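What follows is the residue order along each chain.
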Amino acid sequence: QWDVIASGAKVFNDDIDAIKTVVSMQDIPERGRMLEDVQKADDNLSELATYAADLAKRIRDFAQTVEDAQNAIRRILDRVSSIDSIIDTITGLFSGEAEEIARDVVDVLNNSQRQVKAIVGLLGQAKQAINDALTEFQELNRQVLVATFGDDVGNALADGFDYYSDFEVGILNGVINTVSGTVAM
């Protein structure tokens, strides 16, 4: 899914270049500001594509690590699934299989630790991305409201929106922090 998002964000590159060309050819006072906003959209789409592609790679790597740990767990369970297997495992300890058994146990424990770190890291990145997006949206929203309603009313409306959206994102960040803390225990 993240690969699709990365590819989809890259699709707009040609369209944004065309928009920049059209806007730059206009002889209007807003041209400079419009070009800045189009550039900002282009930068954000590029950043989204890069972030999505990186996340897709991390997920694939994580899935491979999980698969390796599952295989190690299966090998351990195979060794202890019956009396014969337990006897074979015990005799194997004396005949040199102890290293292989220990390696499987270490693989399982290391994978559990990597999973916790990966989840906490992804939650932290998600929280930062949400905060960054909100801040940028609030800035754009304030500009539009002030331009539409004037300084006094526009700023009052923007302050109300900022308060409400900061509160909602604060709740979301609290949930993310709770989940991160719980997972890390």
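Being a predicted model, the structure only gives us computed values, none of them experimental.

Trainee: Any details on the overall build of the chain? Residues and values, ideally.
Mentor: Each helix and strand in the chain was counted, giving six helices and zero strands. Overall, the chain shows an N-to-C arrangement of helices and strands of α-α-α-α-α-α. Counting across all 185 residues of the chain, residues that qualify as buried make up 18%. For the chain, the share of sequence-separated contacts (at least 6 apart) that also reach a separation of at least 24 residues comes to 67%. Taken as a whole, the chain presents about 12600 Å² of accessible surface, with 62% of it coming from carbon and sulfur.

Trainee: Give a description of a nonpolar patch on the surface that names residues and reports values.
Mentor: On the surface, a nonpolar cluster with roughly 310 Å² of combined accessible area is contributed by W2, I5, L48 and I59. Put simply, the parts of the chain that give the nonpolar patch at least two residues each are α1 (2–11) and α3 (31–80).

Trainee: Provide a residue-level description of the environment of N71, including the pertinent values.
Mentor: Relative to the elements of secondary structure, N71 occurs in helix α3. Under the relative-accessibility criterion, N71 is labelled partly exposed at 29%. Once the C-alpha coordinates of N71 and D104 are considered, the two residues, 33 residues apart in sequence, prove to be 8.7 Å apart.

Trainee: Account for the pattern of salt bridges, naming residues and giving values.
Mentor: On inspection of all chains with the given rule, the structure shows seven salt bridges. Among the ionic pairs, K20 bridges to D42, the shortest N-O distance being 3.1 Å. Of this pair, K20 sits in helix α2 (residues 13–24) while D42 sits in helix α3, and the two are 22 residues apart along the sequence. Judged by relative accessible area, which is 11%, D42 ranks as buried.

Trainee: Mind laying out the environment of T135, listing which residues take part and the relevant values?
Mentor: Inspection of the secondary structure assignment puts T135 in helix α5 (residues 98–149). Taking C-alpha positions, T135 is 9.0 Å from D166, a pair spaced 31 residues apart along the chain.

Trainee: Now, about the environment of Q125: what can you tell me, with residues and values included?
Mentor: Following the sequence through the fold, Q125 ends up in helix α5. With relative accessibility at 25%, the residue Q125 sits in the partly exposed group. In sequence terms Q125 and Y51 are 74 residues apart; their C-alpha atoms lie 9.9 Å from each other.

Trainee: So what about the side chain of N173? Which residues, and what values?
Mentor: Mapped onto the elements, N173 comes out in helix α6 (residues 151–184). One polar contact links N173 to N131, side chain to side chain, over a distance of 3.0 Å. Residues within four places of N173 in sequence aside, it is in contact with K127 and N131.

Trainee: Which residues make up the confidence of the model for the chain, and what values do they have?
Mentor: This prediction gives the chain a mean pLDDT of 79; 84% of its residues lie at or above 70. Considering each helix and strand of the chain separately, the mean pLDDT is smallest for helix α4 (residues 83–95), with a value of 61, and largest for α6, with 85.

Trainee: Report on the packing of α1 against α2, specifying residues and quantitative values.
Mentor: Remark: α1 packs on α2, axes separated minimally by 5 Å, with the N-to-C direction vectors making an angle of 25 degrees. With respect to α2, the axis of α1 lies roughly parallel. Contacts between α1 and α2 involve A9, K10 and V11 from the former and N13, D14 and D15 from the latter. Taken together, the residues that form the contact of α1 with α2 break down as two nonpolar, one polar and three charged.

Quick notes on the rules
- All residue numbers refer to position in the chain's written sequence, counted from 1.
- In view of the model being predicted, local features appear only for residues whose pLDDT reaches at least 70, and side-chain atom pairs are presented and counted only at 80 or more, with totals across whole chains, interfaces and linings using the full set of residues.
- Derived side-chain values reflect all non-hydrogen atoms in the structure, with water molecules and hydrogen atoms excluded from consideration.
- Strands here mean DSSP runs of E at least two residues long; helices mean DSSP runs of H or I at least four residues long; both are numbered from the N terminus.
- Each residue is assigned to one of three classes by its accessible area relative to the maximum for its type, calculated with a 1.4 Å probe on protein chains only: buried under 20%, partly exposed between the two thresholds, exposed over 50%.
- In this analysis, two residues are considered to be in contact whenever any of their non-hydrogen atoms come within 4.5 Å of each other.
- Accessible surface is estimated by sampling points in the Shrake-Rupley manner with a 1.4 Å probe; for residues, cover comes only from the protein chains shown.
- Patch criteria: residues need more than 30% relative accessible area and no salt bridge. Like-charged residues are merged within 9 Å; nonpolar side chains of Val, Leu, Ile, Met, Phe, Trp and Tyr are merged within 5 Å.
- Only one rule defines a salt bridge in this text: a Lys or Arg side-chain nitrogen within 4 Å of an Asp or Glu carboxyl oxygen.
- Within 3.5 Å is the distance limit for a polar contact, defined as a pair of N or O atoms, with the added protein rule that one can donate a hydrogen and the other accept it, and that residues adjacent in sequence qualify only through two side-chain atoms.
- Scored between 0 and 100, pLDDT is the confidence that the predictor attaches to each residue.
- For helices, the fitted line uses only the C-alpha atoms of the stretch in contact; every axis is such a line through C-alpha atoms, and the angle between N-to-C directions lies from 0 to 180 degrees.
- Oblique is the label for every angle not falling under 35 degrees (roughly parallel), over 145 degrees (roughly antiparallel), or within 65 to 115 degrees (roughly perpendicular).
- Side-chain classes are defined by residue name, with Ala, Val, Leu, Ile, Met, Phe, Trp, Tyr, Cys and Pro counting as nonpolar, Asp, Glu, Lys and Arg as charged, and the others, Gly among them, as polar.

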